[in-house]
Amino acid sequence: MPEDWTQDQEEILAHDIEKDGRVLAGPGTGKSTTILALGEVLQAQTAAEGAVQVITFTRAATSELTLKALEGDHAFAPRTLHSYALSLLMRNPGLAGLPEPLRIPDKWEGKLIHSDIMERLRARGFNVRVKTVERLEREMAAQWESLTPDLVLLADLNPELRNAYLAVWAAHRAVYGYSLHAEMPLYAKEILEDHAGIDLGDLEFLIVDEYQDLNRCEIGMLQALSARAVRILGVGDDDQSIYGFRMADPSGIVQFRQHFTDAADYSMTISHRCGKNILDAARIVIESAPNRAPKPPLKPGDENPDGIFEYLRFDTQDEECRGVARLVEHLVNTHGVDPSDIVGMMRADFNGQWSRPVRSNLKELGIPSTDVEQAVAPLSEAASRLALAVARLAVNREDDLAWWTVLALTSGISTDFIRVVADEALARHQRFSSRLFEIDDDPPEEVTTSSLTRARDTVSSFVQFLQGIDTEGVTASENGWADWLIETATDLGIEISDEFASLAISVGRVTPQEEGIAHFLNQLEPVTADLALETSGVSIMSMNRSKGLTRRAAIVMGVEQGVIPFPLNDDKEEERRLLYVAMTRPREFLYLTMAQRRTGPPARTGTPNSGERSRSEFFRYTPIQPSSGADYLEQIPD
C-alpha cells in the first residue's frame, strides 16, 4: 500500500468484502482514486472476474472515473447506474416487458414526446404544460416516491392527472416503441424483486459513487441486489445532493445505515483540491445550513495553496460582465492560468442571456471560450435531425421515432395527420411504422388529402433510398461513422450545417467504429459535451453542470438575492448545496460576483427585479461580505 494514503483512505482500503459500507467523502478528498484502489483490493480477494464493479450516477462522474482507471492501470470499466440497470435487463431478456428492439429517445426526441403527450392530456381536459409532463415522467421513474419528506408530488396533488398520464404514456410507448433512460432502474428493481432466478453474473460487491444523487427507486434497486447477497458500498456527500428535481435528497446517503443494516461507516475529510481560503468560504456556506446532518469538518491538505477568494459587487450587469472578462484576463496574464482551466458559472442561462455577453467580452480581449449548450446546439437543427433519423432507419427500417421525426420535419405533413396515424395504430394494436407502411392501400380516416399525399411520397422516397444502403460494407475511417453519416445526408439532399458535420467528425474520431452506427448515434450528445469541456477556452456553464469539475479558477456570477437561491426551487437548502458545489470546483482562485441592478431578460431571471439588488441570503450574518468589484479591478495589474 502506498505510503501517501491518509488514515481515512487506509481504513476504507481495509474494508471487509462481506459487509456493506458507506463513505462520506467531501469535494476533492480523493474518493475516485480510493474507490478504484479498493475495487482492485477486493477483486483480488475473489476468483470471479467481474465480481467487483464500480458504478456512479452521472456520465460526467463516470468519465472522470474511467480516465483515472486508465491512468492508474485499473482493470475496471466504470459505468453509470442506469447503464448497469440496462445491462441487468439485457442479461435477463423478456422479464421487464420493454418494447423491442430497445430504443431510448435522445433529448430532442424527448421534447417531441413530451409535447405530444401534453396535447393528448389537454384533449382529455387537463390544463398542462410540457414542464408538467416532464415532472410526471420524473415522478413515475422514481416510482411515485420522493426521499424529500416535505416534497409534495404532483401525483399526490392530482391523482386523476397521474392516472391519465399513465394511460396516455403507456399507449404512446406502445405505438412508438421507446423506453425511457430514467426508467431502467425501476424495471431492474422490479425484476430483482419479482424473479427468483434472475441472472446477476458473478457480481458480489458493488461500489456506488455519487450515492447522494439516487432517488428512492434507485436505492430500492440496490436494496434488492443486497437481498441477493450483493454487498453495497455507497460513496458520496450529502452536502453535494442537488438533484431534488428527480426526487433525490441528502437523506438517501445520510440514512444509508438504516437501509443497509450493520454497514461499516467511513469519512474522507481532507480536501486536496481547494485552497484554504476557498475552502473556508465554502464551509461557511454549507455548515451554516439549518438541519444539516452532523459530520466531521472538511479540512485542506497540507500541500494546498492558500487560494484567493473574493465576493465582488458591481453596479450593473454590464459592469459585472466586463468585470468577469477582466478577471479572466488577469488570471491568464498575471497568474498564467490557461483559459481552459477557468470555469464561469451562473444559476440559469435561458437562451444564453447570461453567457452570451460574457463570451462577447472575452472575445474582445482575445480570450477563447466554450459553452457546452452551444456545442450541442447543432444536434437540434432540422437538417441534423433528419440526417440522424435516416441513420436510425438504416439500423432499423421500422424505427418508429425516426419515422415520426421524418414526418414531423417534412413540410406539408400536419401534426394532426401524424396523430391520426398513431391513434389508428393503437386501435389496431400496431406500431406507428406498421400503420404508416399501409397508408397507400389503407389511408387514415379524416386526414387532409395534401398531408396524405405528401406522407405517401415521403415514405416511398425514403424506403427506396434506404433499400440502397448497406452499412455492412462501410469502409473503416479515422472519422468513424461520421463520414458515412455526412455522405448519406448529402446523397439524400439534406443540407447539414458545417457545425453539425464538424461535431459528427469529432465524435466519430473518438467512438470505436466497430461498436456500430447505433452506438455512434447514442454518443453524439454526451461525447460532444465532454469534448466541449476539453477544448481550449474558458468553460461557461450553469452551476448544475459544474459537478465533478476541477479547475484552477472559477467565477460564479449572479450571487445575489432573487437568483441564488433560485426562487423557483422550493428547496432553498438544495440551492445552498448547489452554491457549495460551485464554490468547491477551483483549486486556487474563486470569485463570486453580483450586480446591484439588472435590466432586460437577466432582470427576469429568478425573481423579476430591475431595482436594487442585495447580496445572497446565504452570506447574511456571515463574515463574508461583498466588496467593490470596480475597486478590486483597479488594484490588479493591467
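Bear in mind that the values here come from a model prediction, so they are computed numbers and not experimental data.

**Student:** Is there a simple way to think about the overall build of the protein chain in this case?
**Tutor:** If you tally the helices and strands in the protein chain, you get 26 helices and 15 strands. Its C-alpha radius of gyration of 26 Å places the protein chain within 12% of the 26 Å reference for a compact globule of 638 residues. Going through the 638 residues of the protein chain one by one, you find that 54% of them count as buried. Considering only residue pairs separated by 6 or more positions, the protein chain has 78% of its internal contacts joining residues 24 or more positions apart. For the protein chain, the exposed surface amounts to about 27400 Å²; the carbon and sulfur share of it is 47%.

**Student:** What is the right way to look at the sheet that holds strand β14 (residues 586-597) in this model?
**Tutor:** Paired through their backbone hydrogen bonds, the strands of a sheet run either parallel or antiparallel. Taken in spatial order, the seven strands make up an open sheet running β11-β12-β10-β13-β14-β9-β15, and their pairing is parallel. Each end of this open sheet is capped by a strand with a single partner; those strands are β11 (369-371) and β15 (627-628). Bridging between strand β9 (residues 308-316) and β14 involves eight bridges; their strand directions are parallel. What sits directly across from tyrosine 311, in β14, is leucine 592. Across the face of the sheet, helix α14 (residues 317-335) comes into contact with β9, β10 (342-346), β12 (538-542), β13 (551-556) and β14 while running at roughly 160 degrees to β14.

**Student:** Can you walk me through a negative patch on the surface in this structure?
**Tutor:** On the surface, Asp16, Glu18, Glu49, Asp202 and Glu204 cluster together to form a negatively charged patch. Looking at where glutamate 18 falls in the secondary structure, it is placed in the loop between α1 (7-13) and β1 (21-25). Taking relative accessible area as the criterion, glutamate 18 reaches 59% and is therefore assigned exposed.

**Student:** What exactly am I supposed to notice about the pairing of β10 here?
**Tutor:** Here is the key point about a regular strand: its side chains alternate between the two faces of the sheet. Within β10, five of the five residues are buried, which leaves the element mostly enclosed by the surrounding structure. Relative to β13, β10 runs parallel, the two sharing four bridges. Pairing of isoleucine 342 across the sheet is with alanine 553, part of β13.

**Student:** Help me out: how do you make sense of the packing of α14 against helix α15 (residues 355-364) in this one?
**Tutor:** Axes are the key here: two packed helices are described by the angle between their axes and the distance separating the axes. Between α14 and α15, whose axes approach to 9 Å, the crossing angle comes to 45 degrees. As far as their axial angle goes, α15 and α14 are oblique. Where α14 crosses over α15, the handedness of that crossing is right-handed. Contact residues: Cys321, Arg322, Val324, Ala325 and Val328 in α14; Pro357, Val358, Asn361 and Leu362 in α15. The class makeup of the residues in the contact of α14 with α15 is seven nonpolar, one polar and one charged.

**Student:** Where do I start with the packing of aromatic side chains in this structure?
**Tutor:** For any pair of aromatic rings, the description consists of the separation of the ring centres together with the inter-plane angle of the planes. If you walk through the whole model with that rule in mind, you get eleven aromatic pairs. For the ring pair tyrosine 311 and phenylalanine 619, a centre distance of 5.0 Å and an interplane angle of 45 degrees mean the geometry is tilted. Of this pair, tyrosine 311 sits in strand β9 while phenylalanine 619 is found in the loop between β14 and β15, placing the two residues 308 residues apart along the sequence. Each of the two residues, tyrosine 311 as well as phenylalanine 619, counts as buried. Following the ring pairs from residue to residue traces out a cluster consisting of Phe57, Tyr243 and Phe245.

**Student:** Explain helix α5 (residues 107-123) here, please?
**Tutor:** Side chains that are three or four residues apart share a direction in an α-helix, a result of its 3.6 residues per turn. End to end, α5 covers 25 Å across 17 residues, agreeing with the expected 24 Å (1.5 Å per residue, within 8%). Taken residue by residue, α5 has Trp108, Glu109, Gly110, Ile113, His114, Asp116, Ile117, Met118, Arg120 and Leu121 as its buried positions. On its buried side, α5 packs onto α6 (130-141), α8 (159-176), α17 (382-395), α18 (400-408) and α19 (415-427). Where α5 begins, the capping side chain belongs to aspartate 106, and its oxygen is found 3.2 Å from the backbone nitrogen of tryptophan 108. Immediately downstream of α5, the backbone of glycine 125 shows phi near 100 degrees, a positive value.

**Student:** What should I look at first to understand the pairing of β1 in this one?
**Tutor:** The element β1 is largely enclosed, with a buried count of five among its five residues. With four bridges connecting them, β1 and strand β5 (residues 231-236) associate as parallel partners. Bridging from a neighbouring strand, glycine 21 pairs with leucine 233 of β5. Bridge count for β1 against strand β6 (residues 264-268) is five bridges, and the pairing is parallel. Across the sheet, leucine 24 pairs through a bridge with serine 267, a residue of β6.

**Student:** Explanation requested: α18 in the structure shown.
**Tutor:** Buried residues dominate α18, accounting for eight of its nine residues. Each element contacted by the buried residues of α18 is listed here: α5, α8, α17, α19, α20 (432-436) and α21 (449-467). Capping of α18 at its N-terminal end is provided by aspartate 399; its side-chain oxygen lies 3.2 Å from the backbone amide nitrogen of leucine 401.

**Student:** Would you take a moment to explain the sheet that holds β6 for this structure?
**Tutor:** Sheet architecture is open: six strands sit in the order β3-β2-β4-β5-β1-β6, paired in parallel fashion. Each edge of the open sheet carries a strand with a single partner, namely β3 (79-80) and β6. Where helix α3 (residues 59-71) meets the sheet, its contacts fall on β2 (52-56) and β3, and the angle it forms with β2 comes to roughly 135 degrees.

**Student:** Before we go on, may I ask you to explain the environment of glutamate 398 in this structure?
**Tutor:** With respect to the element layout, glutamate 398 can be found in the loop between α17 and α18. By relative accessible area, glutamate 398 is classed as partly exposed at 47%. Once the C-alpha coordinates of glutamate 398 and arginine 431 are considered, the two residues, 33 residues apart in sequence, prove to be 8.8 Å apart. For glutamate 398, the residues in contact, after removing those within four places along its chain, are Trp403, Ser433 and Phe437.

About the cut-offs
- Residues numbered from 1 in each chain as written.
- Predicted model: local features only at pLDDT ≥ 70, side-chain atom pairs only at ≥ 80, totals over all residues.
- Heavy atoms only, no water.
- Helix = DSSP H or I, 4+ residues; strand = E, 2+ residues; numbered from the N terminus.
- Rg over C-alpha atoms; globule rule 2.2 N^0.38 Å.
- Buried < 20%, exposed > 50% of the residue type's maximum accessible area, 1.4 Å probe, protein only.
- Contact = heavy atoms within 4.5 Å.
- Areas by Shrake-Rupley, 256 points an atom, 1.4 Å probe, with all protein chains shown as cover.
- Pairing = 2+ DSSP bridges.
- Axes fitted to C-alpha atoms, helices over the stretch in contact; angles between N-to-C directions.
- Patch = residues over 30% accessible without salt bridge, like charges linked within 9 Å, V, L, I, M, F, W, Y side chains within 5 Å.
- Salt bridge = Lys/Arg side-chain N within 4 Å of Asp/Glu carboxyl O.
- Lys, Arg positive; Asp, Glu negative; His and termini not counted.
- Charge placed at Lys NZ, Arg CZ, Asp CG, Glu CD.
- Parallel < 35°, antiparallel > 145°, perpendicular 65-115°, else oblique.
- Left-handed = near helix turned anticlockwise from the far one by under 90°.
- Nonpolar A, V, L, I, M, F, W, Y, C, P; charged D, E, K, R; others polar.
- Phe/Tyr/Trp six-rings, centres within 6.5 Å; stacked < 30°, edge-to-face > 60°.
- Expected span 1.5 Å × (residues − 1).
- Polar contact = N/O pair within 3.5 Å; in protein donor to acceptor, adjacent residues only side chain to side chain.

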